[in-house]
Amino acid sequence: MISNAIKYTNQGSVEFGFNFKTKTNEIQFYIKDTGIGISSENQELIFEHFYRIDNGREIIYEGAGLGLTIVKEYAKILGGKIRVESVEGKGSQFYFVLPIH
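The following refers to the structure shown. (Residues numbered from 1 in each chain as written. Predicted model: local features only at pLDDT ≥ 70, side-chain atom pairs only at ≥ 80, totals over all residues. Heavy atoms only, no water.)

## Notes on the overall build of the protein
Okay, step 1: Counting its regular elements, the protein contains two helices and four strands.
Okay, step 2: For the protein, the N- to C-terminal ordering of α and β elements is α-β-β-α-β-β.
Okay, step 3: When contacts within the protein are restricted to residue pairs at least 6 apart in sequence, those whose partners lie at least 24 apart make up 51%.
Okay, step 4: Split by element, the accessible area of the protein, about 7,000 Å² in all, is 54% carbon and sulfur. (Helix = DSSP H or I, 4+ residues; strand = E, 2+ residues; numbered from the N terminus. Contact = heavy atoms within 4.5 Å. Areas by Shrake-Rupley, 256 points an atom, 1.4 Å probe, with all protein chains shown as cover.)

Take a look at the structure:
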């Protein structure tokens, strides 16, 4: 996920961190970027196998479209979840939450 944030952020910033959620006994990791962002229509689709956003322009970013699918499956196996908040042209914030045992 960090490599995606860097790949899709030509200028601006990428931030990574985590927070402990003591009330729910979870740890939340986050990655925030000021990159190209993701339209609301594509936000659920980006977690699908081999899905690449087609915006009608030449694809200049390499990849098979599996990275976010793999992260989603790992989070699920570990009892966690992943979500995205994004505005096209403004950047994205990805959060994955894992329970602490």
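## Regarding helix α2 (residues 67–77)
Okay, step 1: Those residues of α2 lying buried are L68, T69 and A75. One side of α2 carries all its buried residues, which in axial view fall inside an arc of 130 degrees. Opposite its buried face, α2 presents the exposed residues Y74 and I77, each directed more than 90 degrees away.
Okay, step 2: Packed against the buried residues of α2 are α1 (2–7), β3 (81–87) and β4 (91–99). (Buried < 20%, exposed > 50% of the residue type's maximum accessible area, 1.4 Å probe, protein only. Arc of directions from axis to C-beta.)

## What to know about the nonpolar core
Okay, step 1: Of all hydrophobic cores here, the largest spans 11 residues; its members are I27, F29, I38, I46, F47, L68, I82, V84, F94, F96 and L98.
Okay, step 2: Listed by contribution, the elements that provide at least two residues to this core are β2 (26–33), β3 and β4.
Okay, step 3: It is β4 that contributes the most residues to this core, three residues altogether.
Okay, step 4: The contact partners of I27, leaving out residues within four places of it in the chain, are F18, N19, F20, F96, V97, L98 and I100. (Core = buried A, V, L, I, M, F, W, Y, C linked by side-chain atoms within 4.5 Å.)

## Some details on unusual backbone geometry
Okay, step 1: One non-glycine residue, N25, adopts positive backbone phi at about 55 degrees.
Okay, step 2: Mapped onto the secondary structure, N25 falls in the loop between β1 (14–21) and β2.

## As for the environment of L45
Okay, step 1: Looking at the element boundaries, L45 is found in the loop between β2 and α2.
Okay, step 2: Residue L45 is classed as partly exposed on the basis of its relative accessible area of 35%.
Okay, step 3: Residues L45 and T69, spaced 24 residues apart in sequence, show a C-alpha to C-alpha distance of 9.8 Å.

## Looking at a nonpolar patch on the surface
Okay, step 1: Nonpolar side chains collect at one region of the surface, where I2, I6, V14 and F16 lie side by side and expose about 340 Å² of accessible area between them.
Okay, step 2: Counting only elements with at least two residues in the nonpolar patch, the list comes to α1 and β1.
Okay, step 3: Positionally, I6 belongs in helix α1.
Okay, step 4: The exposure class of I6 is exposed, given its relative accessible area of 51%. (Patch = residues over 30% accessible without salt bridge, like charges linked within 9 Å, V, L, I, M, F, W, Y side chains within 5 Å. Salt bridge = Lys/Arg side-chain N within 4 Å of Asp/Glu carboxyl O.)

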